[in-house]
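Each chain, letter by letter, is given below.
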Amino acid sequence: MAEEKIFARLKADHDRHRDLLDKIDATHGDSPERETLFEAFRVEVTAHAASEEMSLYATMLGMPDLREDAQHSVSEHKEIDDMLTELYEMDFASTGWLTRFRTMKHRYLHHIDEEEEEMFPEAEKGLSDARKKELIKIFEKEKPKEKAKAAADEPSSEDAKE
């Protein structure tokens, strides 16, 4: 898998995320399916974002032409993470949960579309083939660790626990 291109790997994750989002959106009320799918999405997206930041974004931040795009995407990761925490803490059966979920879904889809259509093509032009190979290795090494970490962590806002 190390020969796989970093951008193809990230897009493959995004496609899995789109699928999970659609499945969650199709659930109704307080169903075990909604909670299971949401938890799978939360863990997957959290691990993906952290691994993407450690590989691609860390490199882009060091490149003047790509720094602004990386900073923008990192801030969007934080926004999505905050929304995931908020959803996790809400009553899954409430109509407010689905409304908030759809807001998060819209923001996340905008984020990944922006990455795929604008940021990835720019970054691909600015990176050597050798660096792209290094990035996929970093991503593939970090993602399982980040996935285990995300699965073990119960998201919470500091205010909600105090």
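Residues numbered from 1 in each chain as written. Predicted model: local features only at pLDDT ≥ 70, side-chain atom pairs only at ≥ 80, totals over all residues. Heavy atoms only, no water.

(A) Layout of helix H1 (residues 6-25). Compared with an ideal rise of 1.5 Å per residue, which puts 20 residues at 28 Å, H1 spans 29 Å between its outermost C-alpha atoms and is within 8% of the ideal. Among the residues of H1, those classed as buried are Ile6, Phe7, Arg9, Leu10, Asp13, His14, His17, Arg18, Leu20, Leu21, Ile24 and Asp25. (Helix = DSSP H or I, 4+ residues; strand = E, 2+ residues; numbered from the N terminus. Expected span 1.5 Å × (residues − 1). Buried < 20%, exposed > 50% of the residue type's maximum accessible area, 1.4 Å probe, protein only.)

(B) Spatial organisation of the confidence of the model for the protein chain. Summary statistics for the protein chain give a mean pLDDT of 91 and a share of 93% for residues scoring 70 or more. The spread of mean pLDDT over the elements of the protein chain runs between helix H6 (residues 158-161), the lowest at 42, and H1, the highest at 97. (pLDDT = per-residue confidence, 0-100.)

(C) Spatial organisation of the nonpolar core. Counting 18 residues, the largest nonpolar core has Phe41, Trp97, Phe101, Met104 and Tyr108 as the members making the most contacts within it. At the level of elements, H1, helix H2 (32-61), helix H3 (67-89) and helix H4 (95-126) are the ones that each hand at least two residues to this core. Setting aside chain neighbours within four positions, we find Trp97 in contact with Ile24, Arg34, Phe38, Leu87, Met90, Asp91 and Phe92. Grouped together as the second largest cluster of nonpolar side chains are 15 residues, Ile6, Leu66, Phe120 and Phe139 included. (Core = buried A, V, L, I, M, F, W, Y, C linked by side-chain atoms within 4.5 Å. Contact = heavy atoms within 4.5 Å.)

(D) Structural view of the pattern of salt bridges. Overall, the coordinates contain 25 salt bridges when judged by the stated rule. The salt bridge partner of Glu140 is Arg9, with a shortest N-O separation of 2.5 Å. With a gap of 131 residues between them, Glu140 in helix H5 (residues 129-152) and Arg9 in helix H1 connect regions that are remote in the sequence. Using a relative accessible area of 21% as the deciding quantity, one classes Glu140 as partly exposed. Here Glu39 and Arg42 are joined by a salt bridge, their closest N and O atoms 2.6 Å apart. In this pair, Glu39 and Arg42 are both assigned in helix H2, 3 residues apart and thus about one turn of the helix distant. A residue is classified by how much of its surface remains accessible, and Glu39, at 25% relative accessible area, is partly exposed. Residue Arg42 is classed as buried on the basis of its relative accessible area of 4%. (Salt bridge = Lys/Arg side-chain N within 4 Å of Asp/Glu carboxyl O.)

(E) Examining the packing of aromatic side chains more closely. Scanning all chains against the criterion turns up 6 aromatic pairs. With centroids separated by 5.6 Å and ring planes inclined at 75°, the aromatic side chains of Phe38 and Phe92 adopt a geometry described as edge-to-face. Taken together, the positions of Phe38 in helix H2 and Phe92 in the loop between H3 and H4 put the pair 54 residues apart, joining distant regions of the chain. Summarising the burial analysis for this pair, Phe38 and Phe92 share the class buried. The structure contains a cluster of three or more aromatic residues connected by ring pairs, namely Phe38, Phe92, Trp97 and Phe101. (Phe/Tyr/Trp six-rings, centres within 6.5 Å; stacked < 30°, edge-to-face > 60°.)

(F) How the structure looks around the packing of H2 against H5. It is the contact of H2 with H5, at a shortest axis distance of 8 Å, that shows an interaxial angle of 150°. The hand of the H2/H5 crossing is right-handed. Across the contact of H2 with H5, the residue classes break down as 10 nonpolar, 5 polar and 8 charged. (Axes fitted to C-alpha atoms, helices over the stretch in contact; angles between N-to-C directions. Left-handed = near helix turned anticlockwise from the far one by under 90°. Nonpolar A, V, L, I, M, F, W, Y, C, P; charged D, E, K, R; others polar.)

(G) Highlighting H5. Taking 1.5 Å as the rise per residue, H5 with 24 residues should run 34 Å; its terminal C-alpha atoms sit 35 Å apart, in good agreement. In the structure, H5 departs most strongly from a straight axis at Lys143, where the bend amounts to approximately 30° and where the proline Pro144 lies between one and four residues downstream. Burial in H5 covers these residues: Lys132, Leu135, Ile136, Phe139, Glu142, Lys143, Glu146 and Ala150. Looking at the buried positions of H5, the neighbouring elements they touch are H1, H2 and H4. (Bend = angle between axes of the 7 residues up to and from the residue.)

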